[in-house]
Number of protein chains: 2
Amino acid sequence: MIRTPYLLFLGDAPDALAAKVAYGIRDWRPENCVGQYRLEGCGTDLGLADMSLSEARAAGAETLVIGVANRGGVISQAWKKVLVMALEEGFDLASGLHNLLRDEPDLVAVAEATGRALHDVRVPEVAYPIADGVKRRGKRVLAVGTDCSVGKMYTGLALDRAMRDKGMKATFRPTGQTGILITGDGVPLDAVVADFMAGSVEWLTPDNEDDHWDIIEGQGSLFHVSYSGVSLALIHGGQPDALILCHEPVRSHMRGLPGYSLPSLEALRDTALLLARMANPACEVVGISINTQHMSAEDAERYLQEVEARMGLPSVDPFRQGADRLADALAAL
Amino acid sequence: MIRTPYLLFLGDAPDALAAKVAYGIRDWRPENCVGQYRLEGCGTDLGLADMSLSEARAAGAETLVIGVANRGGVISQAWKKVLVMALEEGFDLASGLHNLLRDEPDLVAVAEATGRALHDVRVPEVAYPIADGVKRRGKRVLAVGTDCSVGKMYTGLALDRAMRDKGMKATFRPTGQTGILITGDGVPLDAVVADFMAGSVEWLTPDNEDDHWDIIEGQGSLFHVSYSGVSLALIHGGQPDALILCHEPVRSHMRGLPGYSLPSLEALRDTALLLARMANPACEVVGISINTQHMSAEDAERYLQEVEARMGLPSVDPFRQGADRLADALAAL
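A quick note: this is a predicted structure, and the numbers were derived from the prediction, not measured.

Participant: Requested: an account of the nonpolar core, with residues and values cited.
Facilitator: Residues Leu 243 of chain A together with Met 197 and Leu 243 of chain B are the most contacted members of the largest nonpolar core, which totals 90 residues. Beyond its immediate chain neighbours, meaning those up to four positions away, Met 197 of chain B contacts Ala 194, Met 197, Gly 229 and Val 230 of chain A together with Leu 189, Val 192, Gly 229, Val 230 and Ala 233 of chain B. Counting 70 residues, the second-largest nonpolar core is a separate cluster that includes Val 21, Val 65, Ile 75 and Ala 242 of chain B.

Participant: Mind laying out the relation of the copies chain B and chain A, listing which residues take part and the relevant values?
Facilitator: Of the transformation superimposing chain B on chain A, the axial component is 0.1 Å and the angular component is 180°, with the fit at an RMSD of 0.0 Å. This pairing of chains is accounted for by a two-fold axis.

Participant: Kindly report on the side chain of Arg 136 of chain B, identifying the contributing residues and their values.
Facilitator: Residue and element names in this part refer to chain B. With respect to the helices and strands, the residue Arg 136 is situated in the loop between β5 (118-120) and β6 (139-145). One buried charged residue, Arg 136, remains without a salt bridge, the closest side chain of opposite sign being Glu 202 at 4.1 Å. There is a polar contact of 3.2 Å between the side chain of Arg 136 and the side chain of Gln 239. In this structure, Arg 136 is in contact with Val 201, Glu 202, Thr 205, Pro 206, Asp 207, Gly 237, Gly 238 and Gln 239, ignoring residues within four places of it in sequence.

Participant: Describe the pattern of salt bridges, naming the residues involved and giving the relevant values.
Facilitator: Considering all chains together, one arrives at 60 salt bridges over all chains under this definition. Where Arg 310 of chain A meets Glu 306 of chain A, a salt bridge forms, and the shortest distance between an N and an O atom there is 3.2 Å. Taken together, the residues span about one helical turn, with Arg 310 of chain A and Glu 306 of chain A both in helix α10 (residues 297-311) at a distance of four residues. Classification of Glu 306 of chain A as partly exposed rests on a relative accessible area of 37%. Residues Asp 160 of chain B and Arg 164 of chain B are paired through a salt bridge, measuring 3.0 Å at the closest nitrogen-oxygen approach. With Asp 160 of chain B and Arg 164 of chain B both in helix α5 (residues 152-165) and four residues apart, this pair spans about one turn of that helix. Owing to a relative accessible area of 1%, Asp 160 of chain B belongs among the buried residues under this scheme. By relative accessible area, Arg 164 of chain B is classed as partly exposed at 43%. Beyond isolated ion pairs, a larger network of salt bridges with shared partners links Arg 3, Arg 57, Glu 62, Asp 92 and Arg 116 of chain A.

Participant: Tell me what's going on with the interface of chain B and chain A, and back it up with residues and numbers.
Facilitator: Each partner contributes residues to the interface: chain B has 32 residues there, and chain A has 32 residues. Interface area for chain B against chain A, summed over the two sides, is near 2,600 Å², with a carbon-plus-sulfur share of 62%. Sorting the residues of chain B by area buried against chain A places Asp 195, Val 225 and Met 278 of chain B first, and these three jointly supply 20% of that buried surface. Applying the counting rule to chain B against chain A returns ten residue pairs in polar contact (both at pLDDT 80 or more). Elements with a contribution of two residues or more to the side of chain B that touches chain A: α7 (197-204), α8 (228-238) and α9 (265-279) of chain B. When residues of the side of chain B that touches chain A are assigned to their parent elements, the largest contribution, six residues, is made by α8 of chain B. For the side of chain B that touches chain A, the class distribution of residues is 22 nonpolar, seven polar and three charged.

Participant: Could you give an account of the sheet that holds strand β1 (residues 6-11) of chain A, with specific residues and numbers?
Facilitator: Two modes of strand pairing occur in sheets, parallel and antiparallel, and in both the strands are linked by backbone hydrogen bonds. All names here are of chain A. The five strands lie next to each other as β2-β1-β3-β4-β5, forming an open sheet whose pairing is parallel. The sheet is open, and its two edges are formed by β2 (33-38) and β5 (118-120), each paired on a single side. For this sheet the average axis-to-axis angle between neighbouring strands, irrespective of direction, equals 20°. Summarising the sheet, strand β4 (residues 92-95) and β5 pair through three bridges and their orientation is parallel. In the strand pairing of β5, Leu 93 is matched with Leu 118. On the sheet, helix α3 (residues 77-89) packs against β1, β2, β3 (63-66), β4 and β5 and is oriented at approximately 160° with respect to β3.

The rules behind each value
Residues numbered from 1 in each chain as written. Chains lettered and ligands numbered in written order. Predicted model: local features only at pLDDT ≥ 70, side-chain atom pairs only at ≥ 80, totals over all residues. Heavy atoms only, no water. Core = buried A, V, L, I, M, F, W, Y, C linked by side-chain atoms within 4.5 Å. Buried < 20%, exposed > 50% of the residue type's maximum accessible area, 1.4 Å probe, protein only. Contact = heavy atoms within 4.5 Å. Least-squares fit on C-alpha atoms with pLDDT ≥ 70 in both. Helix = DSSP H or I, 4+ residues; strand = E, 2+ residues; numbered from the N terminus. Lys, Arg positive; Asp, Glu negative; His and termini not counted. Salt bridge = Lys/Arg side-chain N within 4 Å of Asp/Glu carboxyl O. Polar contact = N/O pair within 3.5 Å; in protein donor to acceptor, adjacent residues only side chain to side chain. Buried area = accessible area lost by both parts, 1.4 Å probe. Nonpolar A, V, L, I, M, F, W, Y, C, P; charged D, E, K, R; others polar. Pairing = 2+ DSSP bridges. Axes fitted to C-alpha atoms, helices over the stretch in contact; angles between N-to-C directions.

As C-alpha cells, then:
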C-alpha cells in the first residue's frame, strides 16, 4: 500500500507520452496529487503546481511517484539527487521502472537510514496464497479483450468513476503497474509466480458487501498466446459476475503476433463466458467497450451502433462517451 | 541440465511413497541410475545396488539426486553430512525439496569451494523469453486433464517409452519437478513468472525434425481454477498438434476444490481444442488416457470400452496396458 497523496516526479520527460503514468494519476485520482516536480529541460506540464520537495511535504505529500519512463533503463545522477533528497525530506518513493529502486545501493541505504519505503510496483510485495475457488460475497466485474492494450484499464477506471458518480459502491482493483501507481494498491499480476496467479486475484478481491462491485483490471487476452494464461487466471481467480468485452477495431493482427488475427466479439464472448462460468455459473456479459481513438467521430458512432445492434449489448467508447451505460448495465444485473 | 547418471539418495525414507521421486527415476530412466544410497532406518529399497559415495563415483555417477521428501521441511544433520561429503567426492546435488539447497549456507560454501553445482529443480535457472507464437518445426503432443493429478506425467512418460520402442523420434519434455529429476532437464512451470510461462514452453520445445515428437508434460487443468492459467500457457506455448485427454473416473470433486465437480471428457475435448486451435489450427485430440488404479480389472475394462465407443478415440490405461495405441494414433496423424 503506497501512502497518498503524491508529489509527481516528471524528471526531464520530453513529452506527455514519456510521462503517461503521471497523466494517468492526474486524470483518475486528482485528489491524490499535491503537485508536480520537474527538472530542467522537462517538456511537459500536468497543469499542477510546481513544488519543491519541502513545499510538497508541507502541503501533505507522503510519496514521490516517478511518473515518467527513464531513457536507457538507467536512473541518472540528476534523478538520483532528487530521489535521495526526497527520502531525506521524509517522502517514500514509488516507481514502475524496469530497473528497480531496491537495486540502487545508495537509495536503499538512505531509505533504511531515514526509515522510508521504496515501492517497486513491478515486483510483488505479498506472499499470495494458492486459489481455493471459494465463492466470495460482493460482486465483481472484469474487462476482457480481443487483444492486449485495447483499453481494459481505461474502461475499468471510467467505470469506477461512473459508478461512484451514481452512488454505487465500487473499488477499482489494479493488476498492472500503472493502475497500482494510480490507486496506490494492487497486484502486479504479470510478475506473480505461475502457481499463485489466481490466488493473488482472490486476495485482491476479498469478501465485500453484497452490493459492492470490485472492478478488476484486465490483462492480456485469452486469444493472445503470449499472455493468455494470465488472462485465464484473472477469470478464474476473479470469479466475475459480469464481463465487459473490450476491442479496438482497426488492428490488422494481434499485438506483437503478426501471424495472428483478432477474434470476433462473438468469439470473445463465447470463449470468455465458457471459462468464466466454471468459476461462477451466473456470469454474464453486460456490455462492450470500443476503443475508437483511430476512427473519426462519424465512423466511431456508426461502428458503435452496428456493434450494439449485432451483439444486443450496450456498446460505448468510454473515452468519448463515458461509461455511464456500462454502469447502468451493472446496476441492472 | 543435470549431469547423469545418478546415485539416488533415499535417506531415511520410511516407505516407497516417501521416495516416489526415486522410484520414478528408476522406473523411467533406469539407464540414469548407478545405485542407491540409504541411511539407517530407511524402510524401502529400489532394488538397485547399495553404494558408498566413492563406489558410486567410481561407477560413473555424476549427481546425487535427493529422491525422497523430507519431513518437516528441514534438511536434517544426518542428510547434511552425506550431502557435504558428496560434494567433496565430486558429485553435483539435485533436489526438488521445498526448502532449497541454495538456502543452506554450508552446502553453498562447499559447492563453491569444490566447483560443484546445486540444482534446485523447483526454481527456474533460465531467463525465459516472452512467447512469440511463431510456428516451430517438428510435432508436439500435450496431455490435458479433467483435473490435476490424473496421470498426465505418467501418460507422457509411457508414451515416450512406447514411441521409442516403435522407433519413432520422441523427447519427453518435463514441466514439473519430478519429471525434471527423471530426465535431467525441463521447465519448473509452476514457478515461472506469469509473463514468461508460454515463452518457457516455447523454449522447452524448439524447432526440431519434421518427424520428431516433443511429448510435453501437462500441468493442472483448464477446469481447475487454481492452476488453469498454467494449463492454458502450456496449450498456447506448446502449440500442440495432438492432445491426449486424461481422466480419473472415481473422483467426487476437483482436487482441493470441494465445490467443483469434474467436467466430462466431451467438455474437456471441446474446451481444449477451442483454445489449442488459436495457436495451432490443425490440432486434434488423438486419444484418451484413463487412470483406473482405483477400479477392478473388470470395471476398468468395461469403462475403457464405454469411453472408446462414446468418444470414438483409442482409450487406454497406460499403467495397465502401456501406451502403444496412443503412439499408433500419433504415428497415424
